[in-house]
Each structure stands twice: as structure tokens, then as C-alpha cells.
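# Close look at the chain arrangement
Read off the chains here:
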Amino acid sequence: MSQHDLKLGHPSCGDCPIRHRAVCARCEADELAHLDAIKYYRSFQAGQTVIWSGDRMDFVASVVSGIATLTQTMEDGRRQMVGLLLPSDFVGRPGRGHAAYDVTATTDLVMCCFRKKPFEEMMISTPHIGQRLLEMTLDELDAAREWMLLLGRKTAREKISSLLAILARRDASLKAGTGACSFDLPLTREEMADYLGLTLETVSRQISALKREGVIELEGKRHVKVADIDRLIEQTGDDSDGGMLG
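Residues numbered from 1 in each chain as written. Predicted model: local features only at pLDDT ≥ 70, side-chain atom pairs only at ≥ 80, totals over all residues. Heavy atoms only, no water.

On to the overall build of the protein chain. Looking only at helices and strands, one finds seven helices and twelve strands in the protein chain. A separation threshold of at least 6 residues defines the contact pool for the protein chain, and within that pool the share at least 24 residues apart is 73%. Total accessible area on the protein chain is roughly 12800 Å²; 50% of this is exposed by carbon and sulfur atoms. (Helix = DSSP H or I, 4+ residues; strand = E, 2+ residues; numbered from the N terminus. Contact = heavy atoms within 4.5 Å. Areas by Shrake-Rupley, 256 points an atom, 1.4 Å probe, with all protein chains shown as cover.)

Another point: the sheet that holds strand β8 (residues 102–105). Ordered in space as β3-β8-β5-β6, the four strands form an open sheet in which the pairing is antiparallel. Of all strands in the sheet, those with a lone pairing partner are β3 (49–51) and β6 (79–85), marking the two edges. When strand polarity is set aside, the average angle formed by the axes of neighbouring strands in this sheet is 35 degrees. Relative to β8, β3 runs antiparallel, the two being bridged by two bridges. Its bridge partner lying in β8, isoleucine 51 is registered against valine 103. (Pairing = 2+ DSSP bridges. Axes fitted to C-alpha atoms, helices over the stretch in contact; angles between N-to-C directions.)

The full count for this structure, using the stated rule, is two aromatic pairs. Note on phenylalanine 90 and phenylalanine 119: the rings are 5.8 Å apart at their centroids and 35 degrees apart in plane angle, and the pair reads as tilted. Residue phenylalanine 90 is found in strand β7 (residues 90–91), and its partner phenylalanine 119 is found in helix α2 (residues 116–125); the two are separated by 29 residues along the sequence. In this structure phenylalanine 119 comes out as buried when scored by relative accessible area, which is 1%. What links up through ring pairs into an aromatic cluster is the set Phe90, Phe114 and Phe119. (Phe/Tyr/Trp six-rings, centres within 6.5 Å; stacked < 30°, edge-to-face > 60°. Buried < 20%, exposed > 50% of the residue type's maximum accessible area, 1.4 Å probe, protein only.)

So, on to the packing of helix α4 (residues 156–170) against helix α6 (residues 200–212). Running from N to C, α4 and α6 cross one another at 70 degrees; their axes reach a closest spacing of 10 Å. Relative to α6, α4 is oriented roughly perpendicular. For the pair formed by α4 and α6, the contact residues are Ala156, Arg157, Ile160, Ser161 and Leu164 on the first element and Thr202, Val203, Gln206, Ile207, Ala209 and Leu210 on the second. Of the residues that constitute the contact of α4 with α6, the class distribution is seven nonpolar, three polar and one charged. (Parallel < 35°, antiparallel > 145°, perpendicular 65-115°, else oblique. Nonpolar A, V, L, I, M, F, W, Y, C, P; charged D, E, K, R; others polar.)

Turning next to a nonpolar patch on the surface. Together, Leu134, Leu138 and Leu141 make up an exposed nonpolar region whose accessible area comes to about 260 Å². Structurally, the position occupied by leucine 134 is in helix α3 (residues 127–153). (Patch = residues over 30% accessible without salt bridge, like charges linked within 9 Å, V, L, I, M, F, W, Y side chains within 5 Å. Salt bridge = Lys/Arg side-chain N within 4 Å of Asp/Glu carboxyl O.)

Going through the model one piece at a time under the given rule, you end up with six salt bridges. For aspartate 36, the salt bridge is made with lysine 39, and the minimal N-O distance between the two is 3.0 Å. Judged by its relative accessible area of 39%, aspartate 36 falls in the partly exposed class. For lysine 39, a relative accessible area of 7% gives the class buried. When the shortest N-O distance is used, the salt bridge between glutamate 140 and arginine 93 registers 2.9 Å. With glutamate 140 in helix α3 and arginine 93 in the loop between β7 and β8, this residue pair connects regions lying 47 residues apart in the sequence. We classify glutamate 140 as partly exposed; its relative accessible area is 40%. Take arginine 93: its relative accessible area is 22%, and that puts it in the partly exposed class.

Turning to α2, a few remarks are in order. Among the residues of α2, those classed as buried are Lys116, Pro118, Phe119 and Met122. Around the axis of α2, the buried residues are gathered within 165 degrees of arc, so they sit on the same side. Opposite its buried face, α2 presents the exposed residues Lys117, Ile124 and Ser125, each directed more than 90 degrees away. (Arc of directions from axis to C-beta.)

Moving on, we come to the sheet that holds strand β10 (residues 181–184). Across the sheet, three strands lie side by side as β10-β12-β11; this open sheet has antiparallel pairing. For this open sheet the edge positions go to β10 and β11 (217–219), each flanked by a neighbour on one side alone. Adjacent strand axes in the sheet meet at a mean angle of 20 degrees when their direction is disregarded.

Quick look at the side chain of serine 161 now. In this fold, serine 161 is placed in helix α4. The buried category is assigned to serine 161, whose relative accessible area is 0%. When residues no more than four places from it in sequence are discounted, the contact partners of serine 161 are Leu210, Leu232, Gln235 and Thr236.

Printed below as a string of C-alpha cells:
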């Protein structure tokens, strides 16, 4: 990574906005102090590459704010987006020396990074950190399997609605009990088409239809308002128990 190491202007571990969802969610005060001693912040502008596939990784990290994409380049040069990294998501794998995917900031991005070797040592001495990371990794596996279903079986409308619902549910502006939220789309419509296996025209048509029917509101091209999250979820084609979004 080649961006700024940021030490100032960021919250302490106890005040971190992703504290309750991140890999450190179960840490006590003394454990947070230990993590604080091995952490540093890095900031990236939208469009910048965080790390290239195959590069050596001497860190692991949590996304504090912003969104990044995971991309793989095939032998013939084609690129396929294979995942999104949202706030609290974990980047890197203890015990793995190199990056498996290109990681690119799609919005301005702040990451809380931990030097890999001290983090791996702390995992041994603090088992619940490893347990939390295992839970997050299994959640990631479940999400990948659900994306296989989404890409293979869902209609264009269900694909668009599913992506919007995922972003809505992960957005901090979703208030419990209100069912309303607003967020900025982290992807262009071209990127959404690439990610979902659709054409640009289909993505635009389906977003316009959701807007016309009042399921979403748009301010400009990127800001989305959802008055009733349940109504959006109804458009996803998932089971009543929440499916991939539960």
C-alpha cells in the first residue's frame, strides 16, 4: 500500500463507528489498548488501488468508512468484480502472504490496518478475535453462495433490488423501527451492470422502474432514499425469512 499513514483525526477504538461489527467487537479495554498499539490508518481516494492481486500483504485491515471493490483479472485481460467491501468488512487473511484480489476504492476510503505479524500473535493469545474472524469469514462464504444464486437465478429486477437492499441494510442511516434509510450508491451504473451480469441499459431501466413505482427515490444519479425497506426487500425475490439479507 502506498497511501498516507494516518494517526490523527480518527476515533479511539472505544469510539470507533464500526466497533460493534468489526473483528474487535468482543475485545475488552486492555485488548483494545493492545490493538491500538499495532494499528494505523490509511486513506485512499475514490478510484485508487489499495492493493493488487499477488502483492505481498504485511497488514490486515477493517474498512472504517467508504466502500471498495474486489476484482479479479482473467488470463485474457478481462476483469470481473467479485465482491464489495463495506464498513466493518475485513481485508486480508492471517497466514496468507499475498493478496488474492485487486482491491480498489470506489469511494473515499479509510481503513484501520493492523501489522500482520503482531495481529497473528494476538489471535493466538486472544482466541475470541480468531473466533470473530471465523464468524465473519463464514458470513462472507454464505454471502458468496447467495451471490451465485442471485447471478444465476434472479431476474434483473430482483438483482437490482437485492443490491440496493444490501447497501441499505449496511448503511448507518438505517434507524431501527423506522424502515427508512438513505445512502449514496458506491458503484456507477456501469459497475453495477458488471457486478450483476446485466447490461447498462437493463440496470438503468430497472432503477427507473423502481423510482417510478415509488420503491426508491433518487437525488441526482447516486443518492438513494428508501422510505420503506420492507417494500424494497419484497422486490428481491428472497424468502420471507430474509434470505441473503437476513
